[in-house]
Amino acid sequence: MAGLRARWTASRFPDSRARLWQVVSSRLVLTAIVAVLLGVAVSVASFLLQTHYQGVFAAGGRLSGWQEFLRLGAPWQALPPVLAATILAALGWLRLRTAAPEPSWGASSDRPPSASRLRAGLRRERLVVLAASDAARVLGAVAVIRLCLYAGLSLSGSRLAADTLPGVLAEAAAWMLFAVVAETWRRRYLGLLESWGVG
């Protein structure tokens, strides 16, 4: 009887450590943790490097291309690749409206794959899409965290941060637009897979 009661209690009130592990190990929470850690590290490092190379430049030192890029903090040259990726994600989202199941890029073309092989290929592609969309979420969050750091430094009186803030704002807007478009593409793709019976 005591054993039955113990099993019932364990099933009714799961161990708090197990619940904590379930929360921490969820994909969204892991992505958020990585985004915050990476965002803080990138934001602090970029501002310190910008401050250093700005000092070198002010002292008359010569800077290489990457050093000049870091000195500017948020140069416009960083935006075209992000906007191009946003356009590609939007085109992918539009293309999925009329998509039909097809062999994955790993399937051989000599004979049509079986339904199980087709599903297995789509499951592999699903993992790639999930990883890519997680990366887009992380990059968007990093840009927003960087914007928050520069805004905070500007309010605390940093002239360098205040001068760089408009560029950082444009950068964050571009990355967030990319993250939103990538997320809508991901949702449509996963919805399509579910409608094909691929989970």
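Placed above this text is the structure.
Rules behind the numbers
- Residues numbered from 1 in each chain as written.
- Predicted model: local features only at pLDDT ≥ 70, side-chain atom pairs only at ≥ 80, totals over all residues.
- Heavy atoms only, no water.
- Salt bridge = Lys/Arg side-chain N within 4 Å of Asp/Glu carboxyl O.
- Helix = DSSP H or I, 4+ residues; strand = E, 2+ residues; numbered from the N terminus.
- Buried < 20%, exposed > 50% of the residue type's maximum accessible area, 1.4 Å probe, protein only.
- Expected span 1.5 Å × (residues − 1).
- Arc of directions from axis to C-beta.
- Contact = heavy atoms within 4.5 Å.

Q: Just checking my understanding: could you explain the pattern of salt bridges for this structure?
A: Oppositely charged side chains can pair when the atoms bearing their charge come close. A full pass over the atoms with the stated rule returns 8 salt bridges. Between Glu183 and Arg137 there is a salt bridge whose closest N-O contact spans 3.0 Å. One end of the pair, Glu183, is in helix α7 (residues 159-195); the other, Arg137, is in helix α6 (residues 115-155), with 46 residues separating them in the sequence. The exposure class assigned to Glu183 is buried, which follows from its relative accessible area of 15%. For Arg137, a relative accessible area of 21% translates into the label partly exposed. Residue Glu183 pairs with Arg187 through a salt bridge whose shortest N-O separation is 3.2 Å.

Q: Honestly, helix α5 (residues 79-95) in this entry has me stumped. Any pointers?
A: Count 3.6 residues to each turn of an α-helix, and residues three or four apart come out pointing the same way. Along its 17 residues, α5 runs 24 Å from first to last C-alpha, staying within 8% of the 24 Å computed at 1.5 Å per residue. All buried positions along α5 are accounted for by Val82, Thr86, Ala89 and Gly92. Considered in projection along α5, the buried side chains sweep an arc of 125° and stay on one side of the axis. Relative to its buried face, α5 has exposed residues pointing more than 90 degrees away, namely Ile87, Leu88 and Arg95. Lining the buried residues of α5 we find α7.

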